[in-house]
Amino acid sequence: YTVIAKDSPLLTSNADNFNRLKSQLCSHFEGFSEQESLAQKIRQRFKSIHDGNFIELDQMAESLHMSRRTLIRRLKNENTTYKRLLDDVRQDIAMNILKNTKKPLNHIHRLVGFSDYASFSRAFKSWTSATPTAFREGNI
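Residues numbered from 1 in each chain as written. Predicted model: local features only at pLDDT ≥ 70, side-chain atom pairs only at ≥ 80, totals over all residues. Heavy atoms only, no water.

## Topic: the side chain of R90
Structurally, R90 can be placed in helix α5 (residues 82-100). An unpaired buried charge is present at R90: no salt bridge exists, and D87, the closest side chain of opposite charge, is 4.2 Å distant. Separated by 2.8 Å, the side chain of R90 and the backbone oxygen of V112 make a polar contact. In this structure, R90 is in contact with F54, V112, G113, F114 and W127, ignoring residues within four places of it in sequence. (Helix = DSSP H or I, 4+ residues; strand = E, 2+ residues; numbered from the N terminus. Buried < 20%, exposed > 50% of the residue type's maximum accessible area, 1.4 Å probe, protein only. Lys, Arg positive; Asp, Glu negative; His and termini not counted. Salt bridge = Lys/Arg side-chain N within 4 Å of Asp/Glu carboxyl O. Polar contact = N/O pair within 3.5 Å; in protein donor to acceptor, adjacent residues only side chain to side chain. Contact = heavy atoms within 4.5 Å.)

Below you can see the structure in the form of structure tokens.
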């Protein structure tokens, strides 16, 4: 492979290409902040999932290029856990679906990662003190 001196320009570089690339990178990373907490990064990854197949802790750690233990420790330092983050996102998604769609209740549980409606209903009630039906109807 070829080594390029630090201060030497690329042979194919020009100001137009540089500015175009800079603009693309800026728009791609818009909103990216190094101050973003690990919990925020995980929430964002969870929210990008639309089929209820949330990744396990080990897979998340690997995708973030850290060990399971490091992920757990860093979340503990942020006063949260992986399960709490997952539950928060599941709750947000479920509440949004119930408020803004007419999807049948027996389909929603899959969209938030539950294998059956009964488990989803119990979890939802623990989150909100209301059943999914009562929440949808506004009886809370």
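## Some remarks on the nonpolar core
If you look at the biggest cluster of nonpolar residues, it comprises 30 residues, and the most contacted ones within it are I42, F46, L71, L75, Y82 and F124. Elements with a minimum of two residues in this core: α2 (38-47), α3 (57-63), α4 (68-77), α5 and α7 (117-128). Per element, the largest residue contribution to this core is nine residues, and it comes from α5. Not counting residues within four places of it along the chain, the set of residues in contact with L75 comprises L38, A39, I42, T80, T81, Y82 and L85. (Core = buried A, V, L, I, M, F, W, Y, C linked by side-chain atoms within 4.5 Å.)

## Comments concerning the packing of aromatic side chains
This model, assessed by the stated rule, comprises eight aromatic pairs. Note on F120 and F124: the rings are 5.8 Å apart at their centroids and 50° apart in plane angle, and the pair reads as tilted. Of the two residues, F120 and F124 both sit in helix α7, four residues apart, roughly one turn of that helix. Like F120, the residue F124 is buried in the burial classification. Here the aromatic residues F114, Y117, F120, F124, W127 and F135 are joined through ring pairs into a cluster of three or more. (Phe/Tyr/Trp six-rings, centres within 6.5 Å; stacked < 30°, edge-to-face > 60°.)

## Focus: α2
Three or more residues of α2 are buried, namely L38, A39, I42 and F46. In a view along the axis of α2, the buried residues occupy a sector of 100°, so they form one face of it. In this structure, the buried residues of α2 make contact with α3, α4 and α5. (Arc of directions from axis to C-beta.)

## Things to note about the pattern of salt bridges
Scanning the entire structure with this criterion turns up three salt bridges. A salt bridge links R43 to D88; the shortest N-O distance between them is 3.7 Å. You can see R43 sitting in helix α2 and its partner D88 sitting in helix α5, a full 45 residues away along the chain. Overall, R43 belongs to the partly exposed group, its relative accessible area being 26%. Here D87 makes a salt bridge to K83, at a shortest N to O gap of 2.8 Å. Residue D87 and its partner K83 are both found in helix α5; the two are separated by four residues, about one turn of the helix. Judged by its relative accessible area of 18%, D87 is buried.

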